[in-house]
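Spelled out from the first residue to the last, the chains are:
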Amino acid sequence: MSFDFLEHCRPGMVLKTRDRREARITAVDAATGLVSGTVPMLGDCAWRADGRYHRAPAGAAGPWDLMPPAAERAANEQQRESLAAALNAEDGNPGCCD
């Protein structure tokens with residue numbers, strides 16, 4: 001992950017973790033390289049500059065890692081189409097095998 005959370009994060013902003021929980025940022029400390037915040041049902045947490053949970057075993061990726069805002073938006077941007085419009089389209093019935 002090449003996103004720099006130390007540069008992007010500000011106290012008070014809310015990001016998502018990999019498991020889609022809200023993480024409210026409380027502090028950014030460039031000297032230690034940690035971003036601190038709180039996550040519901042986890043409490044106080046801290047992440048490294050690349051978003052990995054700082055207490056992860058061997059630094060492995062896991063469900064409590066922070067997700068960059070762009071990745072969060074991309075997951076929510078799904079193409080939607082009306083089923084009724086597709087069935088009534090002039091170019092044929094997409095549900096028909098003929």
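Before any of the text, the structure's been laid out above.
Nothing here was measured: the structure is a model prediction, and the numbers come from that model.

Engineer: For this particular structure, what's the right way to read the overall build of the protein?
Structural biologist: For the protein, the helix and strand inventory stands at 3 helices and 5 strands. Across the 98 residues in the protein, those meeting the buried criterion constitute 24%. When contacts within the protein are restricted to residue pairs at least 6 apart in sequence, those whose partners lie at least 24 apart make up 33%. When the accessible area of the protein is evaluated, it comes to approximately 6800 Å², of which 51% is carbon and sulfur surface.

Engineer: Any chance you could explain the sheet that holds strand β5 (residues 66-67) here in plain terms?
Structural biologist: The strands that make up a sheet are held in pairs by hydrogen bonds between backbone atoms, and each pair lies either parallel or antiparallel. The strand order β4-β3-β2-β1-β5 describes an open sheet built from 5 strands, whose pairing is antiparallel. Both edges of this open sheet fall to β4 (43-48) and β5, since each of them pairs with a single strand only. When strand β2 (residues 22-29) meets strand β3 (residues 34-39), the two strands line up antiparallel, connected through 5 bridges. Along β3, the bridge assignment pairs Asp-29 with Leu-34.

Engineer: Before we go on, may I ask you to explain the packing of aromatic side chains in this structure?
Structural biologist: Centre distance and the angle of the planes are the two values used to describe a pair of aromatic rings. Tallied over the entire structure, the rule returns 2 aromatic pairs. Plain terms: the ring middles of Phe-3 and Phe-5 are 4.8 Å apart, the flat faces sit at 70° to each other, and that makes the pair edge-to-face. Residue class for Phe-5 comes out buried when judged on its relative accessible area of 0%. Consider the rings of Tyr-53 and Trp-64, whose centres lie 5.3 Å apart with planes at 75°: the pair is edge-to-face. Here Trp-64 lies in the loop between β4 and β5 and Tyr-53 lies in the loop between β4 and β5, a separation of 11 residues in the sequence. Since its relative accessible area comes to 13%, Tyr-53 is described here as buried.

Conventions used here
- Residues numbered from 1 in each chain as written.
- Predicted model: local features only at pLDDT ≥ 70, side-chain atom pairs only at ≥ 80, totals over all residues.
- Heavy atoms only, no water.
- Helix = DSSP H or I, 4+ residues; strand = E, 2+ residues; numbered from the N terminus.
- Buried < 20%, exposed > 50% of the residue type's maximum accessible area, 1.4 Å probe, protein only.
- Contact = heavy atoms within 4.5 Å.
- Areas by Shrake-Rupley, 256 points an atom, 1.4 Å probe, with all protein chains shown as cover.
- Pairing = 2+ DSSP bridges.
- Phe/Tyr/Trp six-rings, centres within 6.5 Å; stacked < 30°, edge-to-face > 60°.

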